[in-house]
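Observations on the three-dimensional arrangement
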Amino acid sequence: MAIVTTERHPDLPPPVSQTGVVGWLRENLFSSWLNTVLTLVSIYVIWQAASSAVSWAFINANFVGETKADCTGTGACWVFIKARFGQNMYGFYPEPERWRVNLGYVMGAVGIFLVLSDQVKNKKWPAIFLFGVYPVLCYFLFYGGFGLEVIETSQWGGLFLTLVLASVSIFVALPLGIVLALGRRSEMPVIRMICVGFIELVRSVPLISVLFMASVMLPLFLPDGQNFDKLVRALVGMSLFSAAYMAEVVRGGLQAIPKGQMEAANSLGLGFWQAMGFIILPQALKIAIPSIVNTFIGLFKDTTLVLIIGLLDLLSIVKGGTTDKNWLGLATEGYVFVAAVFWVFCFSMSRYSIWLENKLHTGHKR
Amino acid sequence: MSDAAMKNTDDNAAIQLIGMHKWYGDFHVLRDINLTVERGERIVVCGPSGSGKSTMIRCINRLEEHQQGQIIVDGIELTNDVKKIDEIRREVGMVFQHFNLFPHLTVLENCTLAPIWVRKIPKAEAEETAMKFLERVKIPEQALKYPGQLSGGQQQRVAIARSLCMNPRIMLFDEPTSALDPEMISEVLDTMISLAEEGMTMICVTHEMGFAKTVADRVIFMDQGEIIEQAPPLEFFDNPQSERTKLFLSQILHNA
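A brief structural summary. All values derive from a computational prediction rather than experimental measurement. (Residues numbered from 1 in each chain as written. Chains lettered and ligands numbered in written order. Predicted model: local features only at pLDDT ≥ 70, side-chain atom pairs only at ≥ 80, totals over all residues. Heavy atoms only, no water.)

A few words on the interface of chain A and chain B. At the junction of the two partners, chain A supplies 20 residues and chain B supplies 25 residues. The contact between chain A and chain B buries some 2,000 Å² in all, and 60% of this surface belongs to carbon and sulfur atoms. Counting the surface chain A buries against chain B, the share from its top three residues, Ser267, Leu268 and Thr362 of chain A, is 29%. The tally of links between chain A and chain B comes to 1 salt bridge. Linking arginine 58 of chain B and glutamate 263 of chain A is a salt bridge whose minimum nitrogen-to-oxygen distance equals 2.6 Å. Our enumeration of links across chain A and chain B arrives at 6 residue pairs in polar contact (both at pLDDT 80 or more). Put simply, the parts of the chain that give the side of chain A that touches chain B at least two residues each are helix H11 (259-267) and helix H12 (272-302) of chain A. In terms of residues, the side of chain A that touches chain B owes the most to one element, H11 of chain A, which gives 8 residues. A class-by-class count of the residues in the side of chain A that touches chain B yields 7 nonpolar, 9 polar and 4 charged. (Contact = heavy atoms within 4.5 Å. Buried area = accessible area lost by both parts, 1.4 Å probe. Salt bridge = Lys/Arg side-chain N within 4 Å of Asp/Glu carboxyl O. Polar contact = N/O pair within 3.5 Å; in protein donor to acceptor, adjacent residues only side chain to side chain. Helix = DSSP H or I, 4+ residues; strand = E, 2+ residues; numbered from the N terminus. Nonpolar A, V, L, I, M, F, W, Y, C, P; charged D, E, K, R; others polar.)

Printed below as a string of structure tokens:
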């Protein structure tokens, strides 16, 4: 005999979880006596560490004053950072000209906001500004020309130099990396060999040695009197180095795209570059976002290695400050400050990438 | 065009395959394929898996390269000339087993991308055309969704609309219903039947024998890289000539 359901089962609310805050605590932290002990010990350790860190950095810290003598409290001496703040931010960039750097920051921030923000619908002009006009503008603004006093790059330093190194390298590495990745997958043997050779060579060498090559070896090969600026050499080295990494990241993304996508694009009459630009790359780069940003973050922190060739980025200028005889014994403050600055930048990049991943996720969005 | 090609060219033919061979490495996949498809003709290709059906139709728009023989589509011979390949691809639409929609673009953008960038049609006009075809496949209300939000049957109908937006003269279907859940097959077949009724030239690789009986002018049976038998559907199903055809038909009709 057939069994037939005639009435539809009514919608019921999901089972009430018996958790709540107390329930959650009981289940996850105090479920057995061993767990209870572990929880209490952990709380004690965390509280010890956090409270001494907070009291060192904030409660007992010294914020007011001009010299080391003003640091009378037991905590951190932030007066040190404050007194040398200008140098930490701009290096030896002459003080009356620092507005040029600030103007560059403001324009860059506006440009980046317009390009990245969700609110702006038409991104054509912001993108042209940020990727076309802005770099040229910055060159003249920072270096000089058109009536602006020339500031040699040897005077650039601090966070300013770090940002210049990082943004130029990122700006060059991504497009170059995409080109290398496409070249590595090319069916033309010569192009493929050049790209594979470049990627494998550069990836197999430490960044420090690339920087050394760029700053020490390269001038030896150039004819007398012919010389690039030291900063330019570091930029070229870092850009090429990160482009090789970027190429492998992008290649990973490209390989994750099913063959059917290219076939569908071809069957509609789209040529190779159109199919790449509209269909394959947008999807491949989306997949690769976490790794791309990972590479960016790594690159951003790797800029500190330029201290080895005598460029004064944020870390090296703060480090130099700690050996100032007026400020001896304040290395901890200096390094904590550097760490905090790096953390702010890297964490922002990380959060942006997570936001972007969610935004571009079209697969199962309801 | 060479003299030989001129001689063989049938002005009324939409597609001509003349003595075509293809190898994958050492493996001889397609052997001496000769097939002429007239304009407006509807052809169903069937055969066991691995018989070269898909490979054959994929050669027609150069997703696969043939190594010997001639393929003439709409009077244009397929060679390594990229311009000719593009010209043919513009006239030949293709629907894939796994839809191959572009997941990062909306349904509407899927349909307008090629018309805008390949045919250089203004965006507004392309969107209007796209909506017309989406209405034809009965899913205009899904235009702003992403492919991942649609069911398999809906996705395949979008794929058909996407091809139609290029105004192709020939449509190739590569097992369009094989990846679909059973209850979604008929909605896709209905779309294909209405297309056939309008006189579109179609080559369809499928195992849907009901569809073959309803719309095909000719059924082609392939096995091991060769065309074994071709006949009008009634004759093909009621009175197959070759032993291999009989065996194949007994297998699929038995299971059906």
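This part covers the layout of surface pockets. Of the pockets and cavities examined, the second largest pocket occupies roughly 1,300 Å³. Around the second largest pocket sit 30 residues that line it, and Arg185, Glu187, Met262, Asn266 and Phe272 of chain A are the ones nearest its centre. Elements supplying a minimum of two residues to the lining of the second largest pocket: helix H7 (158-184), H11 and H12 of chain A together with helix H3 (82-91) of chain B. Of the residues in the lining of the second largest pocket, the class split is 16 nonpolar, 5 polar and 9 charged. (1 Å grid on protein atoms, 1.4 Å probe; cavity = no way out; pocket = protein on both sides within 12 Å on 5 of 7 lines; lining within 4 Å. Points joined across faces, edges and corners; volume = space filled by probe spheres on them.)

Residues and elements named next belong to chain B. As a packed pair, helix H6 (residues 152-164) and helix H7 (residues 182-197) sit with axes 8 Å apart at the nearest point and diverge in direction by 20°. It follows that H6 is roughly parallel to H7 by the angle criterion. At the point where H6 passes H7, the crossing takes the right-handed sense. Two secondary-structure elements touch here, H6 through Gly152, Gly153, Gln154, Gln156, Arg157, Ile160 and Leu164 and H7 through Met184, Glu187, Val188, Thr191, Met192 and Leu195. Of the residues in the contact of H6 with H7, the class split is 6 nonpolar, 5 polar and 2 charged. (Axes fitted to C-alpha atoms, helices over the stretch in contact; angles between N-to-C directions. Parallel < 35°, antiparallel > 145°, perpendicular 65-115°, else oblique. Left-handed = near helix turned anticlockwise from the far one by under 90°.)

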